[in-house]
Every structure is written in C-alpha cells, then in structure tokens.
Amino acid sequence: MSAIMDIISGIVVGGLILVIALTALGTGMQTTANHSALEIVQLSLAQSHRIMESDLRKAGFGIPRQDQGQVFQVAAPSQVKILAHLNLQPGSEIPVAGVSTYDDIPDTLEYSITADETITLGDTTLTLYNINRRLKIASIASDSMMIGKIGNNDVFTYLDQWGRTTAVPAEIRVLEVSLRAFNPRVILSPELVMTGTLSSNDLEVRRREVRWLLRGSYSREARIMLRNLRR
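As the structure is a prediction and not an experimental result, all values here were calculated from the model.

Q: How do you make sense of the overall build of the chain when you look at a structure like this?
A: Scanning the chain for helices and strands turns up three helices and eight strands. Long-range contacts, defined as pairs at least 24 residues apart, comprise 62% of the intrachain contacts of the chain with a sequence gap of at least 6.

So this is what it looks like as structure tokens:
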C-alpha cells in the first residue's frame, strides 16, 4: 500500500514540477517574443525617421528665390509635398531607379500618412498608420514605397522663421516631424488571457490591457531647419 502511495505522490509531485516548468517556459517565451518585437519596432521607427529627415532637408534645394513661395505644395499635419531639384547635379540627387540624367526642372517629394489597421479594446481604439513616401522626377520617373508604420497621423508641424506655427506655405522655414510607434503584436499577460478578461466590461481591466499594449511605445522627434529657403 505504501508503495502505491509513494507512486501516487511521485506522480503528483512530478505533475506539479511539469506544470511549473511549462509555466516558466511559457513566460520566458512570452518575454523573449515581446522584447524582440519591441526592438524591431524601435529600429524600424529610427530608420523611418532618418529617411524622412534626410529627404525633407532637401525642401527648396535648387529652387530660385523668386519661386520659393511655391516650395510647399501641400502642408498638412498628415501630408507634406515639397518642390526640390532631386537630379540637378551628380551627388545632390535622391537615388531613384531608372534616373541617370540631370536637369533643372523642379521635382516633387511627398509624404502622406494613411490608416492601415485598427485595434479595438472595449471602448479604446488604437490605429496603426503607414508612412508613404513618393518621389517624382519630372518627366523621367517616380518611385513610391511604404517606409514604416506609426501610431499617430499628426506628424508634421510647420513654423515660420520666428518659430511660430503657420498655415501659410510661403512662410514655412522650419518643419517639425513627430513619430510615435507601438508594438501591435504584443503578447498579453497569461492572467489576462486565461481569465477571459479580454472581453471584460471592467474599465480597469481594459486600462490594463491598453497599458500592456502601449508599454513598448517609442517616439522620435526632429526640428528641421530648411536652410534652402532664404529668410
């Protein structure tokens, strides 16, 4: 009888050890996956920001002074379209496939922020946006691509030479770029999933879900002095 009890006790203890081990493994895998995803979000955001900052510094490049009032074709919080000579001379152009000649015709560079997907958590809605980049070399070629995903669509702020916000394109001398990103694929804590709280009507539970989702948020900001536009 004691042998049977020893066997049963061994099975119970072994089962508990196995459960603990599987729980630890699951938690470790969850943490690793979340950290990896957050690192990818951070690196992607930094890369998108570098590309945008480099591009937008070219606003007005090669445009005659008398025409600089037309450099900003569109100046909105979620869209900017500028004129610049992108293939004026070797070394000054932004590489575009198929462009190997140079001219003095103004080209256009455009960024637009468009909705990609929506994540709903109870009464909270989070939206991911695409950063769309389009170059158009006049009469030669154009190039469009999506360079990243962010969590805000109010990206661009326009300032005059005194640092005041302005809605007049001809007055713009400084461009502020603000990007925010989060990881939409975060693995929530096991207690949230196993207890069925993902559909809970409890306000505090939903707040905790949102905190989990946004705990890896990152931001990048830059104030770009448009040195090609004379004051």
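Here the narrative resumes.
Q: Help me understand the sheet that holds strand β7 (residues 174-181), please; the structure alone is not making it clear to me.
A: Within a sheet, each strand pairs with its neighbour through backbone hydrogen bonds, oriented either parallel or antiparallel. Strand order in the open sheet made by the three strands is β6-β7-β8, with antiparallel pairing throughout. This sheet does not close on itself; its edge strands, each paired only once, are β6 (156-159) and β8 (218-225). Looking at each pair of strands side by side, their axes are set apart by 15 degrees on average, direction ignored. Two elements, β6 and β7, share four bridges in a ladder whose sense is antiparallel. Of the residues in β7, the one forming a bridge with threonine 157 is glutamate 176.

Q: Any chance you could explain the environment of glycine 151 here in plain terms?
A: Inspection of the secondary structure puts glycine 151 in the loop between β5 (141-150) and β6. Expressed as a C-alpha distance, the spacing of glycine 151 and alanine 115, which sit 36 residues apart in the sequence, is 9.4 Å. Excluding residues within four positions of it along the chain, glycine 151 makes contact with Thr127, Tyr129, Arg180, Ala181 and Phe182.

Q: Just checking my understanding: could you explain the nonpolar core for this structure?
A: If you look at soluble globular proteins, the nonpolar side chains tend to sit buried side by side. Met52, Leu56, Phe72, Tyr111, Phe156 and Val177 are the most contacted members of the largest nonpolar core, which totals 33 residues. Broken down by secondary-structure element, the contributors of at least two residues to this core are α1 (2-56), β2 (79-84), β3 (107-121), β4 (124-137), β5, β6 and β7. Residues contacting methionine 52, with those up to four places away along its chain left out, are Tyr111, Ile131, Ile147, Val155, Phe156, Val177 and Leu179.

Q: Just checking my understanding: could you explain the side chain of glutamate 110 for this structure?
A: Positionally, glutamate 110 belongs in strand β3. Although glutamate 110 is buried, it forms no salt bridge, and the closest oppositely charged side chain is arginine 134 at an N-O distance of 4.5 Å. In this structure the side chain of glutamate 110 is engaged in a polar contact, spanning 2.5 Å, whose partner is the side chain of glutamine 79. For glutamate 110, the residues in contact, after removing those within four places along its chain, are Gln79, Val80, Lys81, Asn132, Arg133 and Arg134.

Q: What am I meant to see in the packing of aromatic side chains here?
A: Counting across every chain of the model gives one aromatic pair. Summarising the aromatic geometry, the rings of phenylalanine 72 and tyrosine 158 are spaced 6.0 Å apart at their centres and angled 85 degrees between planes, so their arrangement reads as edge-to-face. One end of the pair, phenylalanine 72, is in strand β1 (residues 72-76); the other, tyrosine 158, is in strand β6, and 86 residues separate them in sequence. No difference in accessibility class separates phenylalanine 72 from tyrosine 158, as the two residues are buried. Sitting over the ring of phenylalanine 61, lysine 58 keeps its end group 5.9 Å from the ring centre.

Q: What exactly am I supposed to notice about the pairing of β7 here?
A: For β7, a buried count of six out of eight residues is recorded, marking the element as mostly surrounded by other parts of the structure. With eight bridges connecting them, β7 and β8 associate as antiparallel partners. The residue bridging valine 174 from the neighbouring strand is methionine 225, located in β8.

Q: Whenever I open this one, the confidence of the model for the chain confuses me. Can you help?
A: Close inspection of predicted coordinates is inappropriate for parts of the model with low pLDDT. Averaged over every residue, the pLDDT of the chain is 75; residues scoring 70 or more account for 62%. Across the chain, the element-wise mean pLDDT spans from 47 in helix α2 (residues 190-194) up to 97 in β6. Note on residues 5-34: pLDDT under 50 across the span, and ten contacts to partners over four residues away in sequence or across chains.

Q: Sorry if this is basic, but what is going on with the pattern of salt bridges here?
A: Two side chains with opposite charge may pair up if their charged atoms get near one another. Under the criterion given, the structure shown has six salt bridges. Among the ionic pairs, glutamate 53 bridges to arginine 57, the shortest N-O distance being 2.6 Å. The exposure class of arginine 57 is partly exposed, given its relative accessible area of 37%. With a closest N to O distance of 2.5 Å, arginine 133 and aspartate 55 form a salt bridge. Residue arginine 133 is found in strand β4, and its partner aspartate 55 is found in helix α1; the two are separated by 78 residues along the sequence. Aspartate 55 sits in the buried class, given a relative accessible area of 4%.

Q: Sorry if this is basic, but what is going on with the environment of threonine 101 here?
A: Checked against the element boundaries, threonine 101 lands in the loop between β2 and β3. What makes threonine 101 partly exposed here is its relative accessible area of 43%. Linking threonine 101 and proline 90, residues eleven residues apart in sequence, is a C-alpha distance of 8.9 Å. Leaving out residues up to four positions away in the same chain, threonine 101 has contacts with Asn87 and Ile140.

Reading guide: rules and limits
Residues numbered from 1 in each chain as written. Predicted model: local features only at pLDDT ≥ 70, side-chain atom pairs only at ≥ 80, totals over all residues. Heavy atoms only, no water. Helix = DSSP H or I, 4+ residues; strand = E, 2+ residues; numbered from the N terminus. Contact = heavy atoms within 4.5 Å. Pairing = 2+ DSSP bridges. Axes fitted to C-alpha atoms, helices over the stretch in contact; angles between N-to-C directions. Core = buried A, V, L, I, M, F, W, Y, C linked by side-chain atoms within 4.5 Å. Buried < 20%, exposed > 50% of the residue type's maximum accessible area, 1.4 Å probe, protein only. Lys, Arg positive; Asp, Glu negative; His and termini not counted. Salt bridge = Lys/Arg side-chain N within 4 Å of Asp/Glu carboxyl O. Polar contact = N/O pair within 3.5 Å; in protein donor to acceptor, adjacent residues only side chain to side chain. Phe/Tyr/Trp six-rings, centres within 6.5 Å; stacked < 30°, edge-to-face > 60°. Lys NZ or Arg CZ within 6 Å of the ring centre and 35° of its normal. pLDDT = per-residue confidence, 0-100.

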